[in-house]
Protein chains: 2
Amino acid sequence: MTSGTTRYFADHAWLGPLGEGDGLARDVLIEVTGDRFTAVRPDAVRPPDAVQLAGLTLPGLANAHSHAFHRALRGRTHRGGGTFWTWREDMYALAERLTPDSYLALARATYAEMALAGISCVGEFHYLHHAPGGHRYADPNAMTDALVTAAAEAGIRITLLDTCYLTGGPDRPLAGPQLRFGDGDADSWAARAAAYRTPDHARLGAAIHSVRAVPADQLGTVADWAREREAPLHVHLSEQRAENEACLAAHGCTPTELLDRRGALGPRTTAVHATHLTEADIARLGSSRTSVCLTPTTERDLADGIGPAPELARAGSPLTLGSDSNAVIDLLEEARALELDERLRSETRGHWAAADLLAAATAAGHASLGWPDAGRIAPGALADLTTLSLDSVRLAGWQPRTLLESAVFAAASADVSDVVVGGRIIVAEGRHRLLGDVAGELHRAITGPART
Amino acid sequence: MTSGTTRYFADHAWLGPLGEGDGLARDVLIEVTGDRFTAVRPDAVRPPDAVQLAGLTLPGLANAHSHAFHRALRGRTHRGGGTFWTWREDMYALAERLTPDSYLALARATYAEMALAGISCVGEFHYLHHAPGGHRYADPNAMTDALVTAAAEAGIRITLLDTCYLTGGPDRPLAGPQLRFGDGDADSWAARAAAYRTPDHARLGAAIHSVRAVPADQLGTVADWAREREAPLHVHLSEQRAENEACLAAHGCTPTELLDRRGALGPRTTAVHATHLTEADIARLGSSRTSVCLTPTTERDLADGIGPAPELARAGSPLTLGSDSNAVIDLLEEARALELDERLRSETRGHWAAADLLAAATAAGHASLGWPDAGRIAPGALADLTTLSLDSVRLAGWQPRTLLESAVFAAASADVSDVVVGGRIIVAEGRHRLLGDVAGELHRAITGPART
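Please read all numbers here as calculations on a predicted model, not as lab measurements. (Residues numbered from 1 in each chain as written. Chains lettered and ligands numbered in written order. Predicted model: local features only at pLDDT ≥ 70, side-chain atom pairs only at ≥ 80, totals over all residues. Heavy atoms only, no water.)

Q: What am I meant to see in the sheet that holds strand 7 (residues 157-164) of chain A here?
A: In sheet architecture, strand pairing relies on hydrogen bonds along the backbone and comes in two forms, parallel and antiparallel. Residues and elements named next belong to chain A. A sheet is described by the order of its strands in space; here 8 strands give the open sequence 5-6-7-10-11-12-13-14, paired in parallel fashion. Only two strands of the sheet have a single partner each, and these edge strands are strand 5 (61-66) and strand 14 (319-321). When the angles between neighbouring strand axes are averaged without regard to direction, this sheet yields 25 degrees. Alignment of strand 7 against strand 10 (residues 202-208), held across 7 bridges, turns out to be parallel. Following the sheet pairing, L161 is matched in strand 10 by G205. Strands in contact with helix 2 (residues 100-116) are strand 5, strand 6 (119-126) and strand 7; relative to strand 6, the strand with the most contacts, it is inclined by about 140 degrees. Against the sheet, helix 3 (residues 142-154) engages strand 6, strand 7 and strand 10, with an angle of about 160 degrees to strand 7. (Pairing = 2+ DSSP bridges. Helix = DSSP H or I, 4+ residues; strand = E, 2+ residues; numbered from the N terminus. Axes fitted to C-alpha atoms, helices over the stretch in contact; angles between N-to-C directions. Contact = heavy atoms within 4.5 Å.)

Q: Can you walk me through the interface of chain A and chain B in this structure?
A: Note: interface size is frequently given as the accessible area lost on complex formation between the parts. The interface of chain A with chain B comprises 58 residues on the first partner and 58 residues on the second. Where chain A touches chain B, the interface holds 6 salt bridges. One salt bridge connects B:R349 with A:D301, and the closest N-O pair in it is separated by 2.7 Å. Seen at the junction of chain A and chain B, the total is 22 residue pairs in polar contact (both at pLDDT 80 or more). Listed by contribution, the elements that provide at least two residues to the side of chain A that touches chain B are helix 1 (84-97), helix 2, helix 9 (296-301), helix 11 (331-346), helix 14 (403-410) and helix 15 (438-447) of chain A. Of the residues that constitute the side of chain A that touches chain B, the class distribution is 20 nonpolar, 18 polar and 20 charged. (Salt bridge = Lys/Arg side-chain N within 4 Å of Asp/Glu carboxyl O. Polar contact = N/O pair within 3.5 Å; in protein donor to acceptor, adjacent residues only side chain to side chain. Nonpolar A, V, L, I, M, F, W, Y, C, P; charged D, E, K, R; others polar.)

Q: Explain the sheet that holds strand 18 (residues 431-432) of chain B here, please?
A: Residue and element names in this part refer to chain B. The 8 strands are arranged 3-2-1-4-15-16-17-18 in an open sheet whose pairing can be described as mixed. This sheet does not close on itself; its edge strands, each paired only once, are strand 3 (36-41) and strand 18. As defined by bridge partners, strand 1 (residues 5-14) adjoins strand 4 (residues 51-59) across 5 bridges and the pair is classed as parallel. In the strand pairing of strand 4, Y8 is matched with V51.

Q: Just checking my understanding: could you explain the packing of helix 11 of chain A against helix 14 of chain A for this structure?
A: Angle between the axes and distance between the axes are the two parameters that describe a pair of packed helices. Residue and element names in this part refer to chain A. Taken N-terminus to C-terminus, the directions of helix 11 and helix 14 make an angle of 85 degrees; their axes are 7 Å apart at the nearest point. Looking at the two axes, helix 11 sits roughly perpendicular to helix 14. Touching L332, A335, R336, E339, L340 and R343 of helix 11 are A407, V408, F409 and A410, all from helix 14. Broken down by class, the residue content of the contact of helix 11 with helix 14 amounts to 7 nonpolar, no polar and 3 charged. (Parallel < 35°, antiparallel > 145°, perpendicular 65-115°, else oblique.)

Q: Help me understand the domain arrangement of chain A in this model?
A: Residues and elements named next belong to chain A. When its domains are assigned, chain A resolves into domain 1 (5-59 + 375-432) and domain 2 (61-368). Here the C-alpha centre of domain 2 lies 29 Å away from the C-alpha centre of domain 1. Taken together, the 29 residues of domain 1 in the interface contact 28 residues of domain 2. Both sides together, the interface formed by domain 1 and domain 2 hides about 2,200 Å², and carbon and sulfur atoms give 68% of it. Interface area lost by domain 1 to domain 2 is led by V408, F409 and H432, which between them contribute 26%. At the surface where domain 1 touches domain 2, the tally comes to 1 salt bridge. Here D384 ties to R157 by a salt bridge, and the two come within 2.4 Å at their closest N and O atoms. (Domains from an automatic or database assignment. Buried area = accessible area lost by both parts, 1.4 Å probe.)

Q: Just to check I follow, could you spell out the environment of A:P310 for this structure?
A: Residue and element names in this part refer to chain A. The topology assignment puts P310 in helix 10 (residues 309-315). Sequence-wise, P310 and W352 are 42 residues apart; in three dimensions their C-alpha atoms are separated by 8.5 Å. Residues within four places of P310 in sequence aside, it is in contact with E342, R345 and W352.

Q: Explain the side chain of B:T163 to me, please; I cannot follow it from the model alone.
A: All names here are of chain B. For T163, the position within the fold is in strand 7 (residues 157-164). Residue T163 is classed as buried on the basis of its relative accessible area, which comes to 0%. For T163, the side chain forms a polar contact with the main-chain oxygen of L161, separated by 3.0 Å. Setting aside residues no more than four positions away along its own chain, T163 makes contact with F125, H126, Y127, H129, W189, A207, I208 and H209. (Buried < 20%, exposed > 50% of the residue type's maximum accessible area, 1.4 Å probe, protein only.)

Q: Teacher, can you tell me more about unusual backbone geometry here?
A: Excluding glycine, residues mostly carry a negative phi; peptide bonds, for their part, are mostly trans. Unlike most non-glycine residues, A:N326 shows phi in positive territory, near 60 degrees. In this structure, A:N326 sits in the loop between strand 14 and helix 11. What makes A:N326 buried here is its relative accessible area of 0%. Of note in the backbone geometry, B:H273 takes a positive phi value of approximately 85 degrees without being a glycine. Mapped onto the elements of the fold, B:H273 is located in strand 12 (residues 269-273). Looking at B:H273, the relative accessible area reads 1%, which means it is buried.

Q: For this particular structure, what's the right way to read the pairing of strand 5 (residues 61-66) of chain B?
A: Each regular strand carries side chains that alternate between the two faces of the sheet. Residues and elements named next belong to chain B. With 6 of 6 residues buried, strand 5 lies mostly within the body of the structure. As defined by bridge partners, strand 5 adjoins strand 6 (residues 119-126) across 4 bridges and the pair is classed as parallel. The residue of strand 6 that forms the bridge with S66 is E124.

Q: Please explain the packing of aromatic side chains as it appears in this structure.
A: Aromatic ring pairs are described here by two measures, namely the spacing of the ring centres and the angle between the planes. Using the criterion set out here, one finds 14 aromatic pairs over all chains in the structure. Ring geometry for B:F69 and B:Y127: centres 6.2 Å apart, planes at 80 degrees, overall edge-to-face. Of the two residues, B:F69 is situated in the loop between strand 5 and helix 1 (84-97) and B:Y127 in the loop between strand 6 and helix 3 (142-154); the sequence distance between them amounts to 58 residues. What makes B:F69 buried here is its relative accessible area of 2%. An aromatic cluster is present here, built from A:F69, A:Y92, A:Y103, A:Y127, A:Y165 and A:F181 joined pairwise through their rings. Over the ring of A:W371 we find A:R203, and its NZ or CZ is 3.8 Å from the ring centre. (Phe/Tyr/Trp six-rings, centres within 6.5 Å; stacked < 30°, edge-to-face > 60°. Lys NZ or Arg CZ within 6 Å of the ring centre and 35° of its normal.)

Q: How should I be thinking about the side chain of A:D418 in this particular structure?
A: Residues and elements named next belong to chain A. With respect to the helices, strands and loops of the structure, D418 is situated in strand 16 (residues 416-421). This buried residue, D418, is left without a salt bridge; R433 holds the nearest opposite charge, at 7.4 Å. Reaching out from D418, the side chain makes a polar contact with the side chain of S417 at a distance of 2.8 Å. For D418, the side chain forms a polar contact with the main-chain nitrogen of E429, separated by 3.3 Å. When neighbours within four sequence positions are excluded, D418 is seen to be in contact with L53, L385, T386, T387, V427, A428 and E429. (Lys, Arg positive; Asp, Glu negative; His and termini not counted.)

Q: Explanation requested: the pattern of salt bridges in the structure shown.
A: Two side chains of opposite charge can pair, provided their charged atoms sit close to one another. If you walk through the whole model with that rule in mind, you get 55 salt bridges over all chains. A salt bridge links A:R71 to A:E113; the shortest N-O distance between them is 2.8 Å. Of this pair, A:R71 sits in the loop between strand 5 and helix 1 while A:E113 sits in helix 2, and the two are 42 residues apart along the sequence. Residue B:R241 pairs with A:E347 through a salt bridge whose shortest N-O separation is 2.7 Å. In this pair, B:R241 is assigned in helix 6 (residues 241-251) and A:E347 in the loop between helix 11 and helix 12 (354-361), connecting two distinct chains. Assessed through its relative accessible area of 45%, B:R241 is described here as partly exposed.

Okay, here's the thing in structure tokens:
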């Protein structure tokens, strides 16, 4: 995106899962030409013209699962304690109101909040395709375009996971607010999705909303679409026990087995949640090298339960992380929650090293979104950097040898000071350089101009 | 602490669990004389001389369970993933090094971090009484005094829970670093504890470290000491399953039953954790009105499991919250974690309203620490205020009718802008007025002056 060469000098840097040892290095000179790293030299002397990155610099974070519009529900779904059903009512009421213009504004501010949190790429699991009642916009991809434009204006990359969402359950047609999600059948979905041309900061992927939302005999259409394009394929999987029960009743097998039979698993597929699995499900996901995206803060919020993440990793599934409902936007919190919730499930500590959790938040996430050349600080990789200031009370007492542990177990989005995406400085000293007052933009997008 | 009358004007205030309806009020004029509220008027007109409190003002938060020195371990106990045992080794190694002077510095900075997080009173569960090897200091309460002084210098109140810690387990004497904890027997503990005279900002309570650490026939001595003084009595209870098994083997009953038999339960008692309980345990705790202190972020960290908090509340136990190991200092995160971890346990949402969770973080906590006159904004109560700014990206999109939900489910310590403790402004615009650079103080206290 930029031309010429820019030099950065990082006091401490984690070079990513491909670095030596734990990947931590000091006094790292980082050269960027265009949107790529061209040189990375630890133990360097700081040149006078280098941009100083004080603190700990990480590769840009990958948010592998987002529903941008859910951001407007943050802090609003708990009245009277809140149930899953009051949450879904609120979410549908919100979905009814959005237009391409208002969604652009909401998503831009939400993605800007992600940029401030050190996220350089988002996987947007997008199903709000059509106008109320299911009517097509003049441009049938107007909502897709709003999201892709929002990411550009917020300064981050996006993988638009165009989601096939056809039914409200086995033999249950879409109704009410759900009509906006539907393309009629998978062929129509495929034709609409294929018509979209992505700009450089975006890639197009496919998604099956869930086995509830795509009839079994049409799952293959979506899987084939992704396979032909070598594009990512994402799918919500077994988030709630009820999904498994309905699938068993309708198809005589688990959702994982159904997806496997229809050719939807594999190294370009990501199963999101994967909470309630059988041992055979775990083996299928692992042996097919299907990635599993955990969204721990959302899984807490929606009372999903705690999935078998260590078993999935041991079986061969790369793990990734997502902010999902955007009730929280903090990939470091998702990373520690993966470990901490497993501690609650197993009553034992020590499932992942900090570097493993950071790998889920970086390289594994980017790869699952179709950007295998992002998520590490190395020559040739996309030049994404996220710097954590070490100056807050949260991180006071950090020591060089345990810096990764501090980042994962003590830091927060609020500690992100600088963010570079594809060679471009998007956040500097905690401020978004393109949009400025992100909180104000968010507040207006959510509450409307009259209330600001 | 101050004389004359000061007036505050809060845009939004939650008056506490004794307020009307959900307790939320607007345009609240708050008058403070000395260390007490003297008038509280919602829907008021702002007088020109009032101190403006923009955002949402809460009563001061109560941190009902802290081990201040554990703060130095934050982010350092996860190497190789970390186990409970590497954590305990690290904790003991740290405990070996502290002196009254160095503990004063560490605790002052830790309590100042608490002040910045909106905490106006801490319950310090203190067992690091003596010099290495168990030798008495010239003043046998030198460590107690260091902690009480630390709280004064950090501007918060403290309940010093002087902890009786006599054995390493049934029939196992203290050894190594544990020797610093021991008073020999409960009578010697009682005599030492009784000799301490508290200044105005402090109260003295008792603690039984656990049924592992105090022989059954000496539990009554500690319980009687607290009863005679009408002082709080706290006890770690059933945090790990191994404690229950050892207690059953040694005494033929659960830890809860043992405490009950020895007269240690009741409305001035707080059981900390209470994770692994029988139905009979829950009934004993509830019917005796024993408070239960949950420390969710520590319970995650130490892989304790998720306790039966809703059942305890229904049985009659007031719930309180603590930062415990201080790996996180954020009472709002503890409050939401109480609800969210229960969602993971039960796979259902909606166990507590936001006001219930805030009551645990305020009035119930203060009462459990022996300050029943704190934790609500009402005439006659201790004048503690914690104001959350609503300006961050975390809270953008807040609405007046769901402000309590936003505070509990979306805010963080970093959103605390102003804190008043006993009528004295301790934090203004996010800055500690007594100590200034709290992060620097913390960093020096933990890493030593040579490394700053």
